[in-house]
Each structure stands twice: as C-alpha cells, then as structure tokens.
Amino acid sequence: TAGLDWNGLCTGLGADVPVCFAGEATWMSGTGTRLNPLAQPLPKLDAVLVNPGAEVPSDKTARVFRALAAPPLAEGSAAAAALPTVHDREALLAVMRRTGNDLEAPATAVIPVIDEVLSALETCPGSMLARLSGAGPTCFAVFPDAAAAQSAASELKSAHPTWWIVPAVLQ
C-alpha cells in the first residue's frame with residue numbers, strides 16, 4: 001500500500017474526497033487536488049446543518065459545474081495558492097464571508113429549494129452566516145453558541161418537518 005497513489009485514487013472517487021482523507025484543517029483549491037494544511041487548528045463553530053430532502057438528479061454535480069462555467073485556475077495562480085490566516089473564530093467567519101461558495105448560484109439553478117433553505121437559515125435568530133455546503137443541497141448556518149444553534153434547529157424542525165435538520169459543532 002505504500003506505493004499507492006492515494007491522492008489519485010481519492011480524486012477518482014470525487015473532488016472532495018482527498019480533503020476528507022487529509023485528517024486536518026486544509027485549504028483546498030482547484031478541483032480539490034491542491035491541498036495545503038493550515039498552520040493552526042480551526043476554532044469550533046456551533047452550527048445547524050439542513051438538507052431539504054430534495055430529489056437530486058444523478059448528474060447534479062456535472063450540471064452544477066457546467067452552470068458554473070468558470071475557467072480553471074492556472075496551476076500556481078495567486079487565487080489558488082492564497083492561504084488564509086485564521087487565529088480565532090471571528091477571523092474564520094471573516095474568511096468564510098469573504099470567500100463564499102462559488103457553487104451556490106449554479107447549485108440553486110439545479111436544485112431551487114436551496115434558496116429556500118438558505119433563507120430559512122439566514123432568518124433564524126442569531127444566524128451569523130448561512131452557506132451551501134459544496135454543491136449541495138445540504139446547507140449550514142453558524143450561530144454564536146450551542147444553545148442558539150439548538151434553538152434554531154428546533155424552530156426550523158417545526159417550520160419544515162420534512163427537512164433533515166441537525167445542530168452540530170464544526171471543527
């Protein structure tokens with residue numbers, strides 16, 4: 001097993017698989033093949049994860065990336081290589097606000113209910129940031145503490161009983 005190309009094998013399974021095997025806070029760029037470990041561990045974030053249970057087309061990811069229609073980043077480009085500095089929770093939230101998720105608009109075009117999920121998360125009391133996770137349809141929102149996340153999850157479950165809703169700690 002020492003001679004196996006684990007990164008190549010993981011990449012063949014999906015663009016987000018290599019970072020899952022990294023086992024540490026990692027800045028991922030390009031198509032998920034450029035992995036740069038962050039110098040420090042990330043602070044914890046109290047969050048709520050929501051999946052609306054929408055029907056997902058079997059070719060969803062391909063459709064999302066076709067809709068994105070972004071040119072690939074050149075190897076070694078400044079955008080691909082820029083590693084954020086994250087010393088605390090506020091710095092992490094600032095990076096998250098600044099970078100966003102480029103897949104949000106094209107994923108919402110493929111699965112329109114994503115917009116409803118993000119709106120529901122954004123309007124929860126205490127919601128500090130709501131984003132799409134990857135190409136969706138799971139979304140998340142960050143809250144000031146575990147109690148606020150639990151309260152938001154309870155409120156969302158009442159309003160959307162068919163959605164999968166879970167309070168979580170992201171680290």
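Structure: see above.
Residue positions within a chain follow its written sequence, with the count starting from 1. Confidence filtering applies because this is a predicted model: local features only for residues at pLDDT of at least 70, side-chain atom pairs given and counted only at 80 or more, and all residues used for totals across whole chains, interfaces and linings. Side-chain measures were taken over the full set of non-hydrogen atoms in the model, leaving aside hydrogen atoms and water.

Tallying secondary structure elements over the protein chain gives eight helices and six strands in all. Each helix is a run of DSSP H or I of at least 4 residues and each strand a run of E of at least 2, with the numbering of both proceeding from the N terminus. If you list the helices and strands of the protein chain from N to C, you get α-α-β-β-β-α-α-α-α-α-β-β-α-β. Buried residues in the protein chain amount to 36% of all 171 residues. When contacts within the protein chain are restricted to residue pairs at least 6 apart in sequence, long-range pairs at least 24 apart make up 64% of them. The method behind every accessible area is Shrake-Rupley, applied with a 1.4 Å probe, and residues are considered shielded solely by the protein chains displayed. Summed over all atoms, the accessible surface of the protein chain reaches about 9,600 Å², with 58% contributed by carbon and sulfur. Working definition: with a 1.4 Å probe on protein chains only, accessible area under 20% of the residue-type maximum means buried, over 50% means exposed, and in between means partly exposed. Between two residues, a contact is recorded if the distance between any of their heavy atoms is within 4.5 Å.

It is worth spelling out the pattern of salt bridges at this point. Opposite charge on two side chains makes pairing possible when the charged atoms of those side chains draw close. Each salt bridge in this description consists of a side-chain nitrogen of Lys or Arg and a carboxyl oxygen of Asp or Glu lying within 4 Å of one another. Following the criterion strictly, the structure yields one salt bridge and no others. A salt bridge links Lys44 to Asp46; the shortest N-O distance between them is 3.3 Å.

Moving on to the side chain of Arg131. Turning to its location among the elements, Arg131 is positioned in strand 4 (residues 129-132). With no salt bridge to any partner, buried Arg131 finds its closest opposite charge in Glu104, at an N-O distance of 5.3 Å. Residues adjacent in sequence count toward polar contacts only when both atoms are side-chain atoms; beyond that, a polar contact is any pair of N or O atoms within 3.5 Å, and within protein one must be able to donate a hydrogen and the other to accept it. A polar side-chain atom of Arg131 sits 3.4 Å from the main-chain carbonyl oxygen of Arg97. Discounting residues that sit within four places of it in the chain, Arg131 has contacts with Met96, Arg97, Gly100, Asn101, Leu118, Cys139 and Phe140. Positive: Lys, Arg. Negative: Asp, Glu. His and the chain ends are not part of the count.

The next thing to look at is the sheet that holds strand 4. Only strands that DSSP links by at least two bridges are regarded as paired with each other. On the basis of which strands lie adjacent, the open sheet formed by four strands has the order 4-5-3-6 and antiparallel pairing. Looking at the sheet topology across the chains shown, the edges are occupied by strand 4 and strand 6 (164-170). Sheet twist, expressed as the average angle between the axes of neighbouring strands with direction ignored, equals 25°. Sheet topology places strand 3 (residues 45-51) next to strand 6; seven bridges connect them, and they run antiparallel. Interaxial angles span 0 to 180 degrees and are taken between N-to-C directions of axes, which are lines fitted to C-alpha atoms, for helices over the stretch in contact.

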